[in-house]
Amino acid sequence: MKAVRPKPPEEPVVRFETPPGKQAQVDFGKFRLPWGMRNCLLVVLSYSRLLWMTFYRRQDMRTLFLGLESAFLFFGGVTEEVLFDQMRTVITRDDRLQGGGLVKNAEFQRFAAHWNFTPRVCRPYRAQTKGKIERPIRYVRSGFFYGREFLNDADLNQQGILWLDREANVRVHYTTKERPYERFIRDEQAVLRPLAARPCSSLVLPPQMELGLVPSFPSHRQAIAVERRSLSEYDGLLGGAS
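Residues numbered from 1 in each chain as written. Predicted model: local features only at pLDDT ≥ 70, side-chain atom pairs only at ≥ 80, totals over all residues. Heavy atoms only, no water.

Trainee: Is there a simple way to explain the packing of aromatic side chains in this structure?
Mentor: Aromatic ring pairs are reported here in terms of the distance separating the ring centres and the angle at which the planes meet. This structure, assessed with the given rule, holds 17 aromatic pairs. Between Phe-31 and Phe-55, the ring centres sit 5.3 Å apart and the planes meet at 80°, which makes this aromatic pair edge-to-face. Placement of Phe-31 in strand E1 (residues 23-33) and of Phe-55 in strand E3 (residues 51-56) is noted, with a sequence separation of 24 residues between them. By relative accessible area, which is 1% here, Phe-31 ends up buried. On the accessibility criterion, Phe-55 (0% relative accessible area) is buried. Ring pairs connect the aromatic residues Phe-31, Phe-55, Tyr-139, Phe-144, Phe-145, Tyr-146, Phe-150 and Trp-163, which therefore count as one cluster. A cation over an aromatic ring shows up here: Arg-141 above the ring of Phe-31, its NZ or CZ 4.2 Å from the ring centre. Between the NZ or CZ atom of Lys-177 and the centre of the ring of Tyr-174, over which it lies, the distance is 4.7 Å. (Phe/Tyr/Trp six-rings, centres within 6.5 Å; stacked < 30°, edge-to-face > 60°. Helix = DSSP H or I, 4+ residues; strand = E, 2+ residues; numbered from the N terminus. Buried < 20%, exposed > 50% of the residue type's maximum accessible area, 1.4 Å probe, protein only. Lys NZ or Arg CZ within 6 Å of the ring centre and 35° of its normal.)

Trainee: Looking at this model, I keep getting lost on the sheet that holds strand E4 (residues 81-84). Mind explaining?
Mentor: Hydrogen bonds between backbone atoms are what pair the strands of a sheet, whose relative direction is either parallel or antiparallel. The strand order across the open sheet built from five strands is E3-E2-E1-E4-E7, with neighbouring strands paired in mixed fashion. Taken across any chain shown, the strands that pair with only one partner, and hence form the sheet edges, are E3 and strand E7 (118-121). The average angle at which neighbouring strand axes cross in this sheet is 25°, direction not considered. Sheet topology note: the strand E2 (residues 36-45)/E3 ladder contains six bridges and is antiparallel. (Pairing = 2+ DSSP bridges. Axes fitted to C-alpha atoms, helices over the stretch in contact; angles between N-to-C directions.)

Trainee: I'm lost on the nonpolar core in this one. Help?
Mentor: Inside soluble globular proteins, nonpolar side chains tend to come together where they are buried. Within the largest apolar cluster, 29 residues are counted, with the highest numbers of intra-cluster contacts made by Leu-68, Phe-75 and Phe-117. If you list the elements that add at least two residues to this core, you get E1, E2, E3, helix H1 (61-75), E4, helix H2 (106-115) and helix H5 (180-188). At eight residues, the largest contribution of residues to this core is made by H1. Every residue in contact with Leu-68, bar those within four places of it in the chain, is listed here: Val-26, Leu-41, Val-43, Phe-84, Phe-108 and Phe-111. Counting residues in hydrophobic clusters, the runner-up holds 18 residues, among them Val-44, Leu-51, Met-53 and Leu-156. (Core = buried A, V, L, I, M, F, W, Y, C linked by side-chain atoms within 4.5 Å. Contact = heavy atoms within 4.5 Å.)

Trainee: Quick question: what am I supposed to make of the pairing of E1 here?
Mentor: The two faces of a sheet get side chains in turn, since along a regular strand they alternate between them. For E1, a buried count of nine out of eleven residues is recorded, marking the element as mostly surrounded by other parts of the structure. Sheet topology note: the E1/E4 ladder contains three bridges and is parallel. Residue pairing across strands places Gln-25 opposite Leu-83, the latter belonging to E4. In the sheet, E1 pairs with E2 via ten bridges, with the strands oriented antiparallel. Along E2, the bridge assignment pairs Lys-30 with Asn-39.

Trainee: Got a minute to help me understand the pairing of E7 in this structure?
Mentor: With burial as the criterion, only one face of E7 is covered, namely that bearing Pro-119 and Val-121; the residues Thr-118 and Arg-120 on the opposite face remain uncovered. As defined by bridge partners, E4 adjoins E7 across four bridges and the pair is classed as parallel. In the strand pairing of E7, Val-82 is matched with Pro-119.

Trainee: Honestly, H5 in this entry has me stumped. Any pointers?
Mentor: An α-helical segment advances 3.6 residues per turn. Residues three or four places apart therefore align on the same side. Regarding H5, the residues found buried are Pro-180, Tyr-181, Arg-183, Phe-184 and Glu-188. Along the axis of H5, the buried positions cluster into a sector of 160°, meaning they face one direction only. (Arc of directions from axis to C-beta.)

Trainee: I'm lost on the environment of Lys-30 in this one. Help?
Mentor: Assignment of secondary structure puts Lys-30 in strand E1. Residue classification places Lys-30 among the partly exposed positions, given a relative accessible area of 47%. Along the chain, Lys-30 and Arg-141 lie 111 residues apart, while their C-alpha atoms are 9.8 Å from each other. Ignoring anything within four residues of it in the chain, the contact list for Lys-30 reads Met-37, Arg-38, Asn-39, Gln-59 and Arg-141. Reaching out from Lys-30, the side chain makes a polar contact with the side chain of Asn-39 at a distance of 2.8 Å. (Polar contact = N/O pair within 3.5 Å; in protein donor to acceptor, adjacent residues only side chain to side chain.)

In C-alpha cells form, the structure reads like this:
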C-alpha cells in the first residue's frame, strides 16, 4: 500500500487588532439587481467596525474617489492608513511574492496625499489580512440585501443608509462585543485625522457629470448630509435599544 504522508500543519491565522484611528479597510462587492449589476463600496473602521457603504454602477477610479470622500465625511475624519485589496485603481503591479515591491497608481497616490492617509495593499492570496472587510461584505448580503425589494438605485441606497443607522452600526458586534457606534464615539472619533478642506481635483479623470454618476445616484454631498445627520441620531437609537 502506498504510504500516506501526513499533511503539513497549516499556518496559523493570528487575529490582530488595530488601535483607534489607525486603519480603515476598503473593498467592492458585486450585487445583481433586476436592472443590472451594482458595485457596493464598503469602508469599515478597523478598530470600531463602524461601517459605511454605497452602491454604484461602476468600479473605477472616479467611483473609488467619490466613495472614499463620502466615507471620510461620514466618519468625520480620516484614518492614518487605508487597506485595499488588489485594486488596479490603487496599484498597477504587485511583485512582492517575487521579492519585488508594489507599483502604485500615481493618480491614486495624489488622492491619498490630498486626504493625508497612507494606502496599504493586501498581499495576494492572504485574504485573512482583510477579515474586517470580508465579513461585512457577507453581512451586507445576508443582513441587508437578501429578502428585500428595491425600486431603483436611489431606493437601494436610501434603504442602505437606514440599515446602517438602525442595525449595522448599532448592533453588538460579534468580535468586539460592543456596538460599533458606541466604540467609535468613545475611542476613535477624536483621534481621526482632520478632513481635507476640499475634494481632490484629479489631473486625469473627467468631471463627475461626464461619467453619468450623478443622475443615477445622490451626489456625495447630499448623501453625506443625510448620513451625518443620522450619526447624530444614533444616541436616540441606542437609548431605545438599551
